[in-house]
Amino acid sequence: MIEYYRDLIDALSRAPVAGTPLAAWAEALPAQIAAGLSERRYGDLPQWRRALAQLPAVDASEVDLEHGVSIGASGDCDAATMQNIERQLRALIPWRKGPYQVHGTYIDTEWRSDWKWERLLPHIAPLQGRLVLDVGCGNGYHGWRMLGAGARRVIGIDPSPRFVVQFHCIKHFVGRRPIDVLPLGIEQLPAGLEAFDTVFSMGVLYHRRSPMDHLRELRESLRPGGQLVLETLVIEGGLGTVLVPEGRYAMMNNVWFLPSCETLLSWLRKSGFRNPRVVDVCVTTTAEQRATDWMRFHSLSDFLDPHNPALTAEGHPAPTRALFVAEV
Ligand SMILES: Nc1ncnc2c1ncn2[C@@H]1O[C@H](C[S@+](CC[C@H]([NH3+])C(=O)[O-])CC(=O)[O-])[C@@H](O)[C@H]1O
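Because the structure is a prediction, the values reported are computed rather than measured.

### Let's talk about the sheet that holds strand β14 (residues 274–283)
Inference 1: Strands sit in the order β9-β8-β7-β10-β11-β17-β14 across an open sheet of seven strands; the sheet is mixed. In this open sheet, the two edge strands, each paired with only one partner strand, are β9 (179–182) and β14. The sheet shows a mean angle of 15° between the axes of neighbouring strands, direction not considered.
Inference 2: Here strand β10 (residues 196–202) pairs with strand β11 (residues 222–233) via six bridges, running parallel. Bridged to F200 within β11 is V229.
Inference 3: Across the face of the sheet, helix α6 (residues 141–148) comes into contact with β7 (131–135), β8 (153–157), β9 and β10 while running at roughly 165° to β7.
Inference 4: Most of the contacts of helix α8 (residues 211–221) go to β11, to which it runs at about 145°, and overall it touches β7, β10 and β11.

Written out as C-alpha cells, the structure is:
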C-alpha cells in the first residue's frame, strides 16, 4: 500500500526538511509501512483491502471537517452506489472512532469522538499552519478535525491495520489532503525528531508499560516551543497517587498506570515539559462510549459494576479521563 503514502514521503524528503531526522525517516518509511501492513502478519487484511478497492468513485462534493467529518450528502449519488458504499464500509466493522457521514451513510461509531474534540479545542494552541502528530490515532477521526482546524499537515500513527484501512476508506471519499495514518506504534518513531508543532497522545499512555518513556518519546518528537496535548485515564488523589491494576481494568488487560492529575503533572515536569496544566477532567459516560450497529461487541456499560456504575466490573474507580496541555 506504499502508493497511498507517496505524497507524504515526498513532502518529508523535500527541502526545507532535507538533511533532517524527518527526511531520514522518509527513507525508512516504505519498509515500516510494508511491515505494518503485512498480509502474512494480518490474515484479515486482504479482505479489508478488497473492501477499500471496491469503494465506488463518487464525484468530489462538499466536505465539512470543521463541524464533524461529513462528506457529500444523502441523495448525491444513486441508490445502488449508496448501498455499495455502506456494504464496503460495513466490511470493516467494528468502527470505534467517529462518527462519519459519507454520502448518506452515517457511521455511528462506538465513541462520540467529536465530544472529546469539543472538550479540547478551546484549550490548545490554534492549529493553523501547524505540523501535527497524532499518536494512537485509531482510524484518524481527530486527524480530520485537526485538518479542519487549519493544520498544515497531519500524521497519525496507529499499529492496528484495520484502523489504517478504515482511514483510507474515508480518504478515498475526501480526496487528496495533507493527512496520513501510518501503521506504526510510537516505539517505531525515530528518536529525536524535534519536528512537530503539536503532538497529541490521547488514550495511549495507560496502554504503555513505561509511561515515563512514553512522555520522553513525545517530548523528543516536538520542536522547541511545540505543544503536547495528552489525554489519559486518571484516578482521584494527590501527588504520588497512582493505580496499577494487577488484573484487568474495565475488562482491558493491557492497562498499566492510572495516575492522579497531580502525579501526572509532576511526571510531565520531570520529563522536561514546561507549564503542564490540566484543562479538562471528565467521567466517561455510556452516552459517549456504547455499542452501536457499527460496533456490536461489548462496550462501557458492560465493563462497569452493574450495581454501582462508579466502579468498573473489577471494583476500580470507573473510567475518568483528563486532558493535559504542556509545552517544550
Ligand atoms: N504502541 C502504540 N503506539 C501508538 N498507538 C498505539 C500503541 N498501542 C496501541 N495504540 C493505539 O492507541 C489507540 C488507543 S484508543 C484512542 C484513540 C484516539 N486517540 C482517541 O483518543 O479517541 C483508546 C481509547 O479508546 O481511549 C488504539 O487505536 C490503539 O491501536
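Resuming the write-up.
### Considerations on the confidence of the model for the protein chain
Inference 1: Per-residue pLDDT for the protein chain has a mean of 96; in total, 100% of the residues score no lower than 70.
Inference 2: The complex prediction reports pTM at 0.98, with the ipTM value standing at 0.99.

### A short note on the site of the ligand
Inference 1: Residues in close proximity to the ligand total 18 residues, the closest being K97, K116, G136, D158 and M202.
Inference 2: In the environment of the ligand, an oxygen atom lies 2.6 Å from a nitrogen or oxygen atom belonging to the side chain of D158.
Inference 3: Here a nitrogen atom of the ligand sits 3.0 Å away from a polar atom, N or O, in the side chain of E187.
Inference 4: For the ligand, the accessible surface in isolation is 630 Å², of which the surrounding protein chains cover 86%.
Inference 5: More than half of the atoms of the ligand fall within 2 Å of the grid points belonging to the largest pocket.
Inference 6: When the residues that make up the shell around the ligand are grouped by side-chain class, the tally is seven nonpolar, five polar and six charged.

Cut-offs used in this document
- Residues numbered from 1 in each chain as written.
- Predicted model: local features only at pLDDT ≥ 70, side-chain atom pairs only at ≥ 80, totals over all residues.
- Heavy atoms only, no water.
- Pairing = 2+ DSSP bridges.
- Helix = DSSP H or I, 4+ residues; strand = E, 2+ residues; numbered from the N terminus.
- Axes fitted to C-alpha atoms, helices over the stretch in contact; angles between N-to-C directions.
- Contact = heavy atoms within 4.5 Å.
- pLDDT = per-residue confidence, 0-100.
- Near = heavy atom within 4 Å.
- Polar contact = N/O pair within 3.5 Å; in protein donor to acceptor, adjacent residues only side chain to side chain.
- Areas by Shrake-Rupley, 256 points an atom, 1.4 Å probe, with all protein chains shown as cover.
- 1 Å grid on protein atoms, 1.4 Å probe; cavity = no way out; pocket = protein on both sides within 12 Å on 5 of 7 lines; lining within 4 Å.
- Sits in = over half its atoms within 2 Å of the grid points.
- Nonpolar A, V, L, I, M, F, W, Y, C, P; charged D, E, K, R; others polar.

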